[in-house]
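One letter stands for each residue in the lines below.
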Amino acid sequence: MSKRRRSWAEPYKIKVVEPLRMTTRRYRERAIEQAHYNTFLLRSEDVYIDLLTDSGTAAMSDYQWAGMMQGDEAYAGSKNFYHLADMVRKYYGYPYIVPTHQGRGAEHILAKMLIRPGDFIPGNMYFTTTRAHQELAGGTFRDVIVDQAHDPTSLHPFKGNVDIHKLERLIDEVGADNIPYINMQASVNMAGGQPFSLANLRQVRQVCTEHGIKIFLDATRAMENAWFIKMVEPGQQERSCAQILADMCALTDGCTMSGKKDLLVNVGGFLALRDERLYRKACELVVLYEGLHTYGGMAGRDMEAMARGIEEAIQDDHLAARIGQVQYLGHKLLAEKVPIVQPIGGHAVYLDAARFLPHIRQHEFPAQALTAALYLESGVRAMERGIVSAGRDPVSGEHRYPKLELVRLTIPRRVYTQAHMDVVAESVIACYEQRTNIGGLEMTYEPETLRFFQAEFKPLAAWATTLRQEESRTVGYRRDASGFKI
Ligand code: PM9
């Protein structure tokens, strides 16, 4: 038999399709101006290929849709809740679950239960909603991720790892009594979708057990993290992602979950716990903020889709194709020397806006400007993950200046084909070739919390002039004998 490497293909075929709309450059100029240069404020109808997020954007299977028809919409004790709880026990191993409307609902309840004003919460890099809930509860987030995570060029295979010395230093500095838990995020989002290793999690467990500190896993993309462990960590290659996920969870005290990512559903989340006393407290809080403890803001049909999604999402062939598609796009960009975060992560390719647009200073929002430029170029929608997302320091009120100034091209699960990835790569490369024409932005409206969602911008004077000159260029997509062209 030939030893030649064989291609992988998606482990499904397509039954239902949703048409996409192409637009002209002139149309997009108006659209992005009306959206105040913030891709969150665009109408989705005006987007060609939507890589804003992998959150709630997956295509469900026929098995999941069939489950939607079996929604038990009883106020209390829906059979779908029990199915979901069984699946969480089977694959994640946590005995207690409290459904929530999405991940931040679980983060809110966890923070309210465990954080006292003045506490410190270490984590392997911040995530926007996670840190916001920690701060709302009176806590302070402390970053204990390895330094390599802040370097987009470092090829460290586990850039999601905790730096154990940083964790121990924090314990020495503030005292274990003031650290209710460490937040251990899988596939670290703001670092580029970077995994942690099982060996690192074991070390964290050891330190936390010594000091009586809990570990809460942000399991939003834990299955994708498990895939990287299987690929890279010594001794894990023959194991299934399901076995690795079980090991990851066994080392933790519970998890918060946004089911909108790994779990192939459009809405929903949960908080999972080992401790019965904490579970009872969470049940009290969920009825205040989300809904009864057997639905927590989700419809019965949505819980059924999630229960079925868990079974599908943990399959090795699904994860191979999902992450394979992300890698495919990343390698296309690397081949053209476009600066991206390496290693390529699990759910997205991250453009390194600092190296892409070195002429734009960070306080002129280079990553935000690049998302606008990419949309103008081709109708591809991406998300800023830099200074705008980082927000302001609650004490000093100053911008936080993150080392990473990134644009995230986030791939929804089971939605786009490799041909879409080719178009995206061509669009990014076209922007890269014209990068000196892209200018900075000025923020004209700034919400107090999670500003990236609704902030408004306008181009700085120099770029505004270039944009006006470009107005005569009505490029868009058109078809010629060789296919679609930009
Ligand atoms: N992540 C994302 O696009 C959606 C909202 S932020 C633009 O990446 C982690 C690691 C996440 C996450 C959401 C949440 C919150 C928690 N942890 O959006 O509330 O990536 O379901 O989850 C988004 P929900």
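Residues numbered from 1 in each chain as written. Predicted model: local features only at pLDDT ≥ 70, side-chain atom pairs only at ≥ 80, totals over all residues. Heavy atoms only, no water.

Trainee: Break down unusual backbone geometry for me, citing the residues and quoting the values.
Mentor: Here glutamine 342 and proline 343 are connected by a cis peptide whose omega angle stands at -10°. Here proline 343 shows up in the loop between α12 (316–335) and β9 (348–352). The phi dihedral of serine 187 is positive, around 45°, even though this residue is not glycine. With respect to the element layout, serine 187 can be found in the loop between β5 (181–185) and α7 (198–211). The phi torsion at arginine 414 lies on the positive side, around 65°, for a residue other than glycine. On the secondary structure map, arginine 414 appears in the loop between β12 (406–410) and α16 (418–433). (Helix = DSSP H or I, 4+ residues; strand = E, 2+ residues; numbered from the N terminus.)

Trainee: Please give an account of the site of the ligand that cites residues and values.
Mentor: Taken together, 22 residues lie near the ligand, and Thr53, Arg104, Asp218, Ser258 and Arg408 sit nearest. Separating an oxygen atom of the ligand from a side-chain N or O atom of glutamine 102 is a distance of 2.9 Å. Here the ligand loses 97% of its free accessible area of 520 Å² to cover by the protein chains. If you list the elements that add at least two residues to the shell around the ligand, you get α4 (103–114) and β11 (383–385). Considering every element that reaches the shell around the ligand, the biggest residue donor is α4, with three residues. Looking at side-chain class alone, the shell around the ligand contains five nonpolar, nine polar and eight charged residues. (Near = heavy atom within 4 Å. Polar contact = N/O pair within 3.5 Å; in protein donor to acceptor, adjacent residues only side chain to side chain. Areas by Shrake-Rupley, 256 points an atom, 1.4 Å probe, with all protein chains shown as cover. Nonpolar A, V, L, I, M, F, W, Y, C, P; charged D, E, K, R; others polar.)

Trainee: Quick rundown of the layout of surface pockets? Include the residues and the values.
Mentor: Here the largest pocket defines a volume of roughly 1,500 Å³. Lining the largest pocket are 37 residues, with Glu18, Ala58, Ala59, Arg414 and Val415 positioned closest to its centre. Secondary-structure elements contributing two or more residues to the lining of the largest pocket are α2 (62–68) and α12. Looking at the lining of the largest pocket, its residues break down into 17 nonpolar, nine polar and eleven charged. (1 Å grid on protein atoms, 1.4 Å probe; cavity = no way out; pocket = protein on both sides within 12 Å on 5 of 7 lines; lining within 4 Å. Points joined across faces, edges and corners; volume = space filled by probe spheres on them.)

Trainee: Tell me about the pairing of strand β4 (residues 140–143), residues and numbers included.
Mentor: Sheet topology places strand β3 (residues 120–123) next to β4; four bridges connect them, and they run parallel. Pairing of isoleucine 121 across the sheet is with phenylalanine 141, part of β4. One crossover worth recording links β3 to the parallel β4 by way of helix α5 (residues 128–136), and it is right-handed. (Pairing = 2+ DSSP bridges. Right-handed = clockwise from strand over helix to strand, strands pointing away.)

Trainee: Give me the lowdown on helix α8 (residues 222–232), citing residues and values where you can.
Mentor: Most of α8 is tucked away, with nine of its eleven residues classed as buried. Turning to α8, its buried residues are Ala222, Met223, Glu224, Asn225, Ala226, Trp227, Phe228, Ile229 and Lys230. Those residues of α8 that are buried lie in contact with α7, β6 (214–218), α9 (241–250), α11 (300–313) and α12. (Buried < 20%, exposed > 50% of the residue type's maximum accessible area, 1.4 Å probe, protein only. Contact = heavy atoms within 4.5 Å.)

Trainee: So, a nonpolar patch on the surface: which residues are in play, and what are the values?
Mentor: Among the surface-exposed residues, Tyr12, Ile14 and Val17 lie close enough to one another that they form a single nonpolar patch of about 320 Å² accessible area. If you trace the backbone, tyrosine 12 turns up in the segment before α1 (25–34). Exposure remark for tyrosine 12: the relative accessible area of 33% places this residue in the partly exposed category. (Patch = residues over 30% accessible without salt bridge, like charges linked within 9 Å, V, L, I, M, F, W, Y side chains within 5 Å. Salt bridge = Lys/Arg side-chain N within 4 Å of Asp/Glu carboxyl O.)

Trainee: Can you tell me about the packing of α4 against α5, naming the residues and giving the values?
Mentor: Across the interface, α4 lies against α5 with an axial gap of 9 Å and an inter-helix angle of 30°. Looking at the two axes, α4 sits roughly parallel to α5. For α4 against α5, the interelement crossing comes out right-handed. Here Arg104, Glu107, His108 and Ala111 of α4 lie close against α5, whose contacting residues are Thr129, Thr130, His133 and Gln134. Among the residues forming the contact of α4 with α5, the class breakdown is one nonpolar, five polar and two charged. (Axes fitted to C-alpha atoms, helices over the stretch in contact; angles between N-to-C directions. Parallel < 35°, antiparallel > 145°, perpendicular 65-115°, else oblique. Left-handed = near helix turned anticlockwise from the far one by under 90°.)

Trainee: Lay out the sheet that holds β12 with the relevant residues and their values.
Mentor: Overall, antiparallel pairing links the three strands, which are arranged β9-β12-β11 in an open sheet. Sheet topology places β9 and β11 at the edges, where each strand pairs with a single neighbour. Recorded for the sheet is a direction-independent mean angle of 35° between the axes of neighbouring strands. Both β11 and β12 contribute to a ladder of three bridges, which runs antiparallel. When the bridges of β12 are listed, methionine 383 appears paired with arginine 408. The strands touched by α12 are β9 and β12; relative to β9, the strand with the most contacts, the crossing angle is about 25°.

Trainee: So what's going on with the packing of aromatic side chains? Residues and values would help.
Mentor: In this description, an aromatic ring pair is defined by two values, namely the gap between the centres and the angle between the planes. In total, this model carries eleven aromatic pairs according to the counting rule given. Between phenylalanine 40 and phenylalanine 453, the ring centres sit 5.0 Å apart and the planes meet at 75°, which makes this aromatic pair edge-to-face. With phenylalanine 40 in the loop between α1 and β1 (49–50) and phenylalanine 453 in the loop between β13 (441–445) and β14 (456–459), this pair connects stretches of sequence that are 413 residues apart. Classification of phenylalanine 40 as partly exposed rests on a relative accessible area of 22%. Overall, the relative accessible area of 23% leaves phenylalanine 453 in the partly exposed class. (Phe/Tyr/Trp six-rings, centres within 6.5 Å; stacked < 30°, edge-to-face > 60°.)

Trainee: I'd love a proper account of the packing of α8 against α12, names of residues and values included.
Mentor: Contact geometry for α8 and α12: axes closest at 10 Å, N-to-C directions at 85°. Classified by the angle between their axes, α8 and α12 sit roughly perpendicular to one another. Residues Met223, Glu224, Trp227, Phe228 and Lys230 of α8 form the contact with α12, whose own contacting residues are Asp316, Leu319, Ala320, Arg322, Ile323 and Gln327. Residues belonging to the contact of α8 with α12 are distributed by class as follows: six nonpolar, one polar and four charged.

Trainee: Lay out the pattern of salt bridges in plain terms, naming residues and giving numbers.
Mentor: Evaluated as defined, the whole model comprises 28 salt bridges. Taking the shortest distance from any N to any O, the salt bridge between glutamate 312 and arginine 414 comes out at 3.0 Å. Of this pair, glutamate 312 sits in helix α11 while arginine 414 sits in the loop between β12 and α16, and the two are 102 residues apart along the sequence. A single burial state applies to glutamate 312 and to arginine 414, both of which are buried. A salt bridge links arginine 392 to glutamate 446, with the shortest nitrogen-to-oxygen separation between them at 2.7 Å. Of this pair, arginine 392 sits in the loop between α15 (387–390) and β12 while glutamate 446 sits in the loop between β13 and β14, and the two are 54 residues apart along the sequence. Via salt bridges that share partners, Asp54, Arg221, Glu224, Arg322 and Arg413 belong to a single interconnected network.

Trainee: Give a description of the state of the cysteines that names residues and reports values.
Mentor: Enumeration over the complete set of coordinates arrives at zero disulfides. We note that cysteine 255 lacks a disulfide partner, and the nearest cysteine sulfur, in cysteine 249, lies 6.2 Å from it. (Disulfide = S-S within 2.5 Å.)

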